[in-house]
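Given next are the chains, with one letter for each unit.
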Amino acid sequence: MECRSKLQNKRALLNQKIIKQMRMRAGAENLLKATSNNKVREQVVLELSYVNSDLQLLMEELEGLNSSVEVYQDVQETSSIPLIPLGLKETKDVDFSVALKDFILEHYSEDGSNFQDEIDDLMDLRQACRTPSRNPSGIDLLANYFSQLGFLETRFFSPTRQIGIFFTWYDSFTGVPVCQQNISLEKASILFNMAALYSQIGTRANRQTQAGLEDAITAFQKSAGVLHYLKETFTHTPSYDMSPAMLSMLIRLMLAQAQECLFEQITLPGIRNEFFSLLRIAQEAAKVGETYSEVHQSMIQTPIKNNVPFFWTTMSELKTNHYNSLAHYFVSTALLDHQLTPSDDEDKQEKALSQVYDAMPEGRSPLDILKDKAERRRIGKAHLQRSIMGHEEAIRTHSRCRHLQKLDILSDILQAGLKRSITKFEQNDKEDEFTDYMLAPDILSKTEKKAEMEIPAATKVKVKDLFQRLGPLSVFSAKQRWSAPRTIRLRLQDRDLGFTLKGDAPVQIQSLDPLCPAAAKGLKEGDYLVAVGDTECKWLGVSDVMKLLKDVDEEGVDIRVVSMLDSSSQPMPTKSATYGGLPKTYSMICLAHDEDDKKSHKVAKKPSFLSWGLKNKQKSGSTLSLPSADYNGPWNRPCPTYRNSYNESALY
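Conventions used here
Residues numbered from 1 in each chain as written. Predicted model: local features only at pLDDT ≥ 70, side-chain atom pairs only at ≥ 80, totals over all residues. Heavy atoms only, no water. Phe/Tyr/Trp six-rings, centres within 6.5 Å; stacked < 30°, edge-to-face > 60°. Helix = DSSP H or I, 4+ residues; strand = E, 2+ residues; numbered from the N terminus. Buried < 20%, exposed > 50% of the residue type's maximum accessible area, 1.4 Å probe, protein only. Core = buried A, V, L, I, M, F, W, Y, C linked by side-chain atoms within 4.5 Å. Contact = heavy atoms within 4.5 Å. Pairing = 2+ DSSP bridges. Polar contact = N/O pair within 3.5 Å; in protein donor to acceptor, adjacent residues only side chain to side chain.

Describing the packing of aromatic side chains
Applying the stated rule across the entire model yields 13 aromatic pairs. Ring centres of phenylalanine 96 and phenylalanine 167 lie 6.2 Å apart, and the angle between their planes is 55°; on these two criteria the pair is classed as tilted. You can see phenylalanine 96 sitting in the loop between helix 3 (69-75) and helix 4 (97-108) and its partner phenylalanine 167 sitting in strand 1 (residues 167-170), a full 71 residues away along the chain. Consider the rings of phenylalanine 156 and phenylalanine 467, whose centres lie 5.1 Å apart with planes at 80°: the pair is edge-to-face. A residue pair is termed long-range when its members are at least 10 positions apart, and phenylalanine 156 in helix 6 (residues 136-156) and phenylalanine 467 in the loop between helix 16 (408-427) and strand 4 (481-482) qualify at 311 residues. For the pair formed by phenylalanine 156 and phenylalanine 467, the shared burial category is buried.

Following this line, the structure appears as structure tokens:
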């Protein structure tokens, strides 16, 4: 936990440095556009080059934190190939107090200070979600807050107005902040962190035991499930780490790691040196290599390659070569160490070998290869040659990334695999043998159990609504408009109140006698009864309310009612919900709500240029133009640039 806190503090400090540099670049770009003096332009261009250089260094430093060896020392103490955990998104503090109290007073006509305890509980819950523990308790914490956000959205976030609460989240890969009043950003970011937490749980599982491997498999599958749910539920996300292309890549990565753990689960008891067992393990290894090949291909596509850590790209390429090399080694061992004998089942071996290849080597039939000892040896050596080349390529890939070089266990595993293949080749290489070089065919992947996405129940956990005292959510929500509560004195007239009640909580007035005293005092058909005397009735049904009214004496009793207004007649707000203004480099809102909480900043209102939100729901404008960096590697790539206009097709 101490190591993790240090990393989070470093990441937060880097985020602030990135913000400062982006502010400087925004100002320089504005000056460059405004001036026509050539000397000034030359000076600004020079300063911009310095700022871009500093930004590049900061981005690389942030990438180094995301792939820090300290993370791996903290989360896994195994002799297996390291896995890749997804980092949590960082956020700023949010003060719900003033905005929610004002909304409760204005919309629900209740004293907001009476809900201070509920607001404090909500803020404490959000604060705890910034540093969740890496175990099921941390998942439950995030799931609890995510469910509360659903209640919060219905209670306080109207589709036609904003209440002045800003949510700021940092991109987990680039550190670029995004600030919106749209609660969808908060919900999507919590889901992203839930997926990240599942990946960290899977990464730190003990992969030397069957139970630990099962935990890792489940965690990675749930991580993929949460990411899939995020991708399908939220669209036009304003940061690259939650864009559809990036989420698709992350889903593949999580499933690939789950498949790798399935392979380790199969091989943990040991691999029997037997023909059918070796071919089965070879195809399982080929399946892992195939899944990592798909991951690597998605990582090198634009725009993902501009933002994904170089450490991730090289690790996926390394694992592709490593597991494909293992597949060739196991096939070669099956061909070289096991000759067909009269006691063997020829048909069974022939069928097993035919399923290893898409096309048999040089058009030979499987049975001919099995019966010809020289041919078995020739093809077996060809597989060993591909195994050696694959291991050598994996080692070269390992040497290209300084972060991979810090993982000593990874280097040991790669060297051991290469040494084993070379030793096997030397054992079967005769000096007087004529060398007939051939390229061994690819091995078809096959698995007994494929890793699949698993959407956890944590995304739909049931929790108690913190603001349930406001009344049933189906009635008392932000999208409904209400009249101010009216107090009416009820008195019996010939033992009759002059109306009846209907509906579940809260009950409504119906069959109102227009000549009764209550109607004369302002009671209307369809009014909701919210209190009888000093007793709140928002959660009481007809029978419970009637019990309160049956004892009305001649003096009568005060009731409070509210009337639902026509929401369609509500005028649209005149103020913009979000702002866009800086020259496509950084959010105005982020500048106005930095760590110093400078609330006095005035921001020019301009049309927003990025929209996102839930599918089939009204979208709100984003406040950030997205970076479109174009660089080839971590050490020589230029600093990310930012488009002057938003183009969705270019981003996704």
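From this point, the discussion proceeds with the structure in view.
Topic: the nonpolar core
By size, the foremost hydrophobic cluster in this structure holds 132 residues, and its most contacted members are Phe96, Leu100, Leu152, Phe156, Leu250 and Trp312. If we ignore the near neighbours within four places in the chain, the residues touching leucine 100 are Ile119, Leu122, Leu152, Phe156, Ile163, Ile165 and Phe467. Grouped together as the second largest cluster of nonpolar side chains are 21 residues, Leu497, Leu523, Val532 and Val557 included.

Some points on the side chain of glutamine 283
In this fold, glutamine 283 is placed in helix 10 (residues 275-299). Here glutamine 283 falls in the buried class, since its relative accessible area comes to 7%. In contact with glutamine 283, other than residues within four places in its own chain, are Gln355, Val356, Ile443, Leu444, Ser445 and Lys446.

Focus: the pairing of strand 10 (residues 557-562)
The sheet contact formed by strand 5 (residues 486-490) and strand 10 spans 5 bridges and is antiparallel. In the sheet register, arginine 489 faces strand 10, and the bridge partner there is aspartate 558. For strand 8 (residues 528-532) and strand 10, the ladder comprises 4 bridges, and the chain directions are antiparallel. Across the sheet, the residue bridging to tyrosine 528 is valine 562, located in strand 10.

Description of the side chain of serine 563
In this structure, serine 563 sits in the loop between strand 10 and strand 11 (564-565). The exposure class of serine 563 is buried, given its relative accessible area of 9%. Only 2.5 Å separates the side chain of serine 563 from the side chain of aspartate 527, close enough to count as a polar contact. When residues no more than four places from it in sequence are discounted, the contact partners of serine 563 are Arg481, Trp482, Ser483, Arg486, Lys524 and Asp527.

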